[in-house]
Number of protein chains: 2
Amino acid sequence: MSSTQALPLITPEAPETAAPCCPPLTERPMNPEEAETAARMFKALGDPVRLRLFSAVASHDGGEACVCDISDVGVSQPTVSHHLKKLKEAGLLTSERRGTWVYYRVEPAVLAAMVQLLGTR
Amino acid sequence: MSSTQALPLITPEAPETAAPCCPPLTERPMNPEEAETAARMFKALGDPVRLRLFSAVASHDGGEACVCDISDVGVSQPTVSHHLKKLKEAGLLTSERRGTWVYYRVEPAVLAAMVQLLGTR
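Residues numbered from 1 in each chain as written. Chains lettered and ligands numbered in written order. Predicted model: local features only at pLDDT ≥ 70, side-chain atom pairs only at ≥ 80, totals over all residues. Heavy atoms only, no water.

**Concerning the overall build of chain A**
Alright, step 1. Scanning chain A from terminus to terminus reveals four helices and three strands.
Alright, step 2. Ordered by position from N to C terminus, the α and β elements of chain A give α-α-β-α-β-β-α.
Alright, step 3. Put simply, chain A has 121 residues, and 46% of those count as buried.
Alright, step 4. Put simply, chain A shows about 5800 Å² of open surface, and 52% of that area lies on carbon and sulfur atoms. (Helix = DSSP H or I, 4+ residues; strand = E, 2+ residues; numbered from the N terminus. Buried < 20%, exposed > 50% of the residue type's maximum accessible area, 1.4 Å probe, protein only. Areas by Shrake-Rupley, 256 points an atom, 1.4 Å probe, with all protein chains shown as cover.)

In structure tokens:
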């Protein structure tokens, strides 16, 4: 199992601003550190169930969802939790407990960073 | 080893036009088929060495590179070839043999599809 630390993709001080690890792919070859950071992010979306959960959160009313809203992807509750944890570790989701439920929200700055990375000059 | 078929991300008839498999993540939850297709694409970029090779091709003069141009990522030639093959299978690179060398080129329509997928409404 790889390290579970959060990605330094966005600065903790300014979570609303995309400060990607890496330049656009077309600008220059990535160095090893940049590639490690960005690959972790892509890998997190490289699983079909995880991607469905991620899109379920991203497309839910208000851009957030609790587990109760997004568990209809045909896998067990522990598997759902496992995947949500992976998405959080990659910095793609944030979560907040309110009463009984934990609510998940997409981190828009990380999506913006990925778009910038994939965008052309 | 999973299937090695090319992704149906772009229509063969119109390779210049992005015709993504999937709506933006924020639009609606992905169905299983869409998620399978898109996850394969993200997974291909979910490896640091593969990502460095991909950015080396993407940022090379004219948007294409031969293996001779991009082999300085600190892995063996067979490993480079393996990763380039994976990127081709995911539809992210195309290749063409000219004389002694095989030239690799980034498929812009696939990048555009990924950007659209990650983009917000």
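**Concerning the interface of chain A and chain B**
Alright, step 1. Counting residues at the interface gives 30 residues for chain A and 30 residues for chain B.
Alright, step 2. Contact between chain A and chain B buries roughly 2600 Å² in total, counting both sides, with carbon and sulfur atoms accounting for 76%.
Alright, step 3. Summed over the three residues of chain A that lose the most area to chain B, namely Leu25(A), Arg52(A) and Leu118(A), the buried surface amounts to 21% of that side.
Alright, step 4. In this assembly, chain A and chain B are joined by zero salt bridges.
Alright, step 5. Breaking the side of chain A that touches chain B down by element, the ones donating at least two residues are helix H1 (32-44), helix H2 (48-58) and helix H4 (108-118) of chain A.
Alright, step 6. Taken together, the residues of the side of chain A that touches chain B sort by class into 18 nonpolar, six polar and six charged. (Contact = heavy atoms within 4.5 Å. Buried area = accessible area lost by both parts, 1.4 Å probe. Salt bridge = Lys/Arg side-chain N within 4 Å of Asp/Glu carboxyl O. Nonpolar A, V, L, I, M, F, W, Y, C, P; charged D, E, K, R; others polar.)

**Regarding the state of the cysteines**
Residue and element names in this part refer to chain A.
Alright, step 1. Here the structure, examined in full by the defined rule, presents two disulfides over all chains.
Alright, step 2. The residue that forms a disulfide with cysteine 66 is cysteine 68, at a sulfur-sulfur distance of 1.9 Å.
Alright, step 3. With relative accessibility at 1%, the residue cysteine 66 sits in the buried group.
Alright, step 4. Its relative accessible area of 41% is what places cysteine 68 among the partly exposed residues. (Disulfide = S-S within 2.5 Å.)

**Some words on the pattern of salt bridges**
All names here are of chain A.
Alright, step 1. This model, assessed by the stated rule, comprises 10 salt bridges over all chains.
Alright, step 2. Among the ionic pairs, arginine 28 bridges to glutamate 34, the shortest N-O distance being 2.7 Å.
Alright, step 3. Judged by its relative accessible area of 33%, arginine 28 falls in the partly exposed class.

**Details of the relation of the copies chain A and chain B**
Alright, step 1. Relative to chain B, chain A is turned by 180° and slid 0.0 Å along the rotation axis, the superposed coordinates differing by an RMSD of 0.0 Å. The symmetry that links the two subunits is that of a two-fold axis. (Least-squares fit on C-alpha atoms with pLDDT ≥ 70 in both.)

**Quick notes on helix H3 (residues 77-89) of chain B**
All names here are of chain B.
Alright, step 1. End to end, H3 covers 18 Å across 13 residues, agreeing with the expected 18 Å (1.5 Å per residue, within 8%).
Alright, step 2. The complete set of buried residues in H3 reads Val80, His83, Leu84, Leu87 and Glu89.
Alright, step 3. Its buried side turned inward, H3 meets helix H1 (32-44), helix H2 (48-58), strand E2 (93-98) and strand E3 (101-106).
Alright, step 4. Glycine 91, located one to two residues past H3, shows a positive phi value of around 85°. (Expected span 1.5 Å × (residues − 1).)

**Notes on the sheet that holds strand E2 (residues 93-98) of chain A**
Residues and elements named next belong to chain A.
Alright, step 1. Here three strands make up an open sheet; going across it, the order is E1-E3-E2 and the pairing antiparallel. The open sheet has two edge strands, strand E1 (64-66) and E2, and neither has a second partner. When the angles between neighbouring strand axes are averaged without regard to direction, this sheet yields 30°.
Alright, step 2. Where helix H3 (residues 77-89) meets the sheet, it contacts E2 and strand E3 (101-106), and its direction lies at approximately 120° from that of E2. (Pairing = 2+ DSSP bridges. Axes fitted to C-alpha atoms, helices over the stretch in contact; angles between N-to-C directions.)

**As for the packing of aromatic side chains**
Alright, step 1. Counted under the stated rule, the structure contains one aromatic pair over all chains.
Alright, step 2. Each ring, one from Phe42(A) and one from Phe42(B), has its centre 6.3 Å from the other, and the planes form 25°; the classification is stacked. Of this pair, Phe42(A) sits in helix H1 while Phe42(B) sits in helix H1, which puts the two residues in different chains.
Alright, step 3. Across from the ring centre of Tyr103(A), 4.5 Å away, lies the NZ or CZ of Arg98(A), which sits over that ring. (Phe/Tyr/Trp six-rings, centres within 6.5 Å; stacked < 30°, edge-to-face > 60°. Lys NZ or Arg CZ within 6 Å of the ring centre and 35° of its normal.)

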